Amino acid sequence: MTNLEGKVALITGASSGIGAATARKLAKAGIIVGIAARRLDRLTGLKNEIEADGGTAMVLEMDVADARSVNSGVTSLIEKHRTIDILFNNAGLMPLSDIDAFNTDEWHQMVDVNIKGVLNTTAAVLPHMIGQKSGHVFNTSSIAGRKVFKGLTVYCATKHAITAFSDGLRMEMGKKHNIRVTCIQPGAVATELYEHISDPAVRQQMEDLRKEMTFLEGDDIAGTVLYALQAPGHVDLAEMFIMPTRQDW
Ligand code: NDP
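Here's what I pulled together on the structure shown here. Owing to the predicted nature of the structure, the values given are computational and were not obtained by experimental measurement.

Cut-offs applied
Every chain is numbered on its own, with residues counted from 1 as its sequence reads. Selection of residues for local features in this predicted model requires a pLDDT of at least 70, selection of side-chain atom pairs for listing and counting requires 80 or more, and totals for whole chains, interfaces and linings are taken over all residues. Hydrogens and waters are ignored; side-chain quantities use all the structure's heavy atoms. We define proximity as follows: a residue is near a molecule or strand when any one of its heavy atoms falls within 4 Å of that partner. Polar contact is the term for a pair of N or O atoms within 3.5 Å; when the atoms are in protein, one must be able to donate a hydrogen and the other to accept it, and sequence-neighboring residues count only if both atoms are side-chain atoms. Accessibility throughout is a Shrake-Rupley quantity obtained with a 1.4 Å probe, and a residue counts as covered only by protein chains that appear here. What counts as a helix is a DSSP run of H or I of at least four residues, what counts as a strand is a run of E of at least two, and both are numbered from the N terminus. Here, a disulfide means two cysteine sulfur atoms that sit within 2.5 Å of each other. Accessible area is worked out with a 1.4 Å probe on protein chains only. A residue is then buried under 20% of its type maximum, exposed over 50%, and partly exposed in between. Put simply, buried Ala, Val, Leu, Ile, Met, Phe, Trp, Tyr and Cys residues joined by side-chain atoms within 4.5 Å make one nonpolar core. The contact definition used throughout considers only heavy atoms, calling two residues in contact when any of these lie within 4.5 Å. By definition here, a helix of n residues has an expected span of 1.5 Å times n minus one. Salt-bridge detection follows one rule: a side-chain nitrogen of Lys or Arg within 4 Å of a carboxyl oxygen of Asp or Glu.

Things to note about the site of the ligand
Taken together, the neighbourhood of the ligand is formed by 30 residues, with Ser15, Ser16, Arg38, Tyr155 and Thr191 sitting nearest. Within the contact set of the ligand, an oxygen atom lies 2.7 Å away from a side-chain nitrogen or oxygen of Ser15. Here a nitrogen atom of the ligand sits 2.9 Å away from a polar atom, N or O, in the main chain of Val64. Coverage of the ligand by the protein amounts to 97% of the 880 Å² it exposes when considered alone. Secondary structure elements with two or more residues in the shell around the ligand: α1 (17-28) and α5 (153-177).

Comments concerning the state of the cysteines
If you walk through the whole model with that rule in mind, you get zero disulfides. Sulfur of Cys156: no disulfide; nearest cysteine sulfur belongs to Cys183 and is 14 Å away. The buried category is assigned to Cys183, whose relative accessible area is 1%.

Topic: unusual backbone geometry
Negative phi characterises most residues that are not glycine, and trans characterises most peptide bonds. For Arg82, which is not glycine, the phi dihedral falls at a positive 80 degrees. Its location among the elements puts Arg82 in the loop between α3 (67-81) and β4 (86-89). Arg82 sits in the exposed class, given a relative accessible area of 66%. Of note in the backbone geometry, Phe102 takes a positive phi value of approximately 50 degrees without being a glycine. The residue Phe102 is located in the loop between β4 and α4 (104-132) in this model.

As for the nonpolar core
Grouped together as the largest cluster of nonpolar side chains are 30 residues, with contacts concentrated most on Ile11, Leu26, Ile31, Val33, Ile35, Phe138 and Leu229. Elements supplying a minimum of two residues to this core: β1 (8-12), α1, β2 (32-37), α2 (40-52), β4, α7 (218-230) and β7 (239-242). Ignoring sequence-local partners within four residues, the contact set of Ile31 consists of Leu4, Lys7, Val8, Ala9, Leu26, Thr56, Ile86 and Leu229.

Side note on α1
Taking 1.5 Å of rise per residue, the 12 residues of α1 would be expected to cover 16 Å, and the 17 Å separating its terminal C-alpha atoms lies within 8% of that figure. In this structure, the buried residues of α1 make contact with β1, β2, α2, β4, β6 (179-186) and α7. Of the residues flanking the end of α1, it is Gly30, one or two places downstream, whose phi is positive at about 90 degrees.

Structural notes on the pattern of salt bridges
When the charged atoms of two side chains lie near each other, side chains of opposite charge can form a pair. This structure, assessed with the given rule, holds 11 salt bridges. Across the pair Glu49 and Arg24 runs a salt bridge, and its minimum N-O distance is 2.6 Å. Here Arg24 lies in helix α1 and Glu49 lies in helix α2, a separation of 25 residues in the sequence. On the basis of relative accessible area, Glu49 is assigned to the partly exposed category, the value being 40%. In this structure Arg24 comes out as partly exposed when scored by relative accessible area, which is 36%. Linking Arg146 and Glu239 is a salt bridge whose minimum nitrogen-to-oxygen distance equals 3.6 Å. Here Arg146 is found in the loop between β5 (135-140) and α5, whereas its partner Glu239 is found in strand β7, with 93 residues between them in sequence. Of the residues examined, Arg146 reaches a relative accessible area of 39% and is grouped as partly exposed. The structure contains a network of salt bridges with shared partners spanning Arg39, Arg42 and Glu192.

And the structure:
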């Protein structure tokens, strides 16, 4: 099993949901966690919680859609903790609506955060991983990065981009630079993701899914991240498709 004690991780979207749960889990495994998002109050609360439990966390105010903000967060994490061994590209938004509602601001927001955000953090962190000839990049795609659903068209497009980017990155980084890449593809997870849906009818449809099945928890996804990290160095868990048992689509 790979020894994780003292490794340094950057986790984006760490102020809630999957990112916060993963920060807790990795910190418990002895990993120093750089926790990045825009909501500083949430990040500070998480840092206090992690440190009360014996872990180490550094708060990074970061808007992943803004390359300058990303570069400044990455630089401060490296200055304080020397390196970044693990990058979890997890920040994302899902303000769903039908195409003919033409909520174009929301389309662009999804592209900026779900795609460009991943590119910004990857561009900022990879040179360090390449320099040290090791690293592990996780990208949060989705079941929506494997299949297309009506009403989720733009979100699916952004997550398909992440699935494609992850596989290409894996092929370019593994042999040449000894960097592993894992694409995380969850089904329904109980987080704050649906709270950004502006159309009340679509939001209600998504909330109704909770009656059909027991959703995954953020901690379930965190467990798969830890599992992939603990695999021996020659093993790259390239894709992890994690579903609620009762999700039948
Ligand atoms: P949450 O809404 O709980 O978390 C989203 C996180 O992204 C928050 O921490 C938020 O922080 C952060 N974020 C949003 N915009 C930005 C930005 N511009 N810059 C930095 N951080 C940002 O949802 P989840 O935990 O569910 O989402 C995490 C990932 O999982 C997303 O990529 C989502 O698409 C994906 N996913 C979720 C599924 C689910 O069913 N929940 C299923 C499959 C995939 P802040 O607002 O403080 O900046």
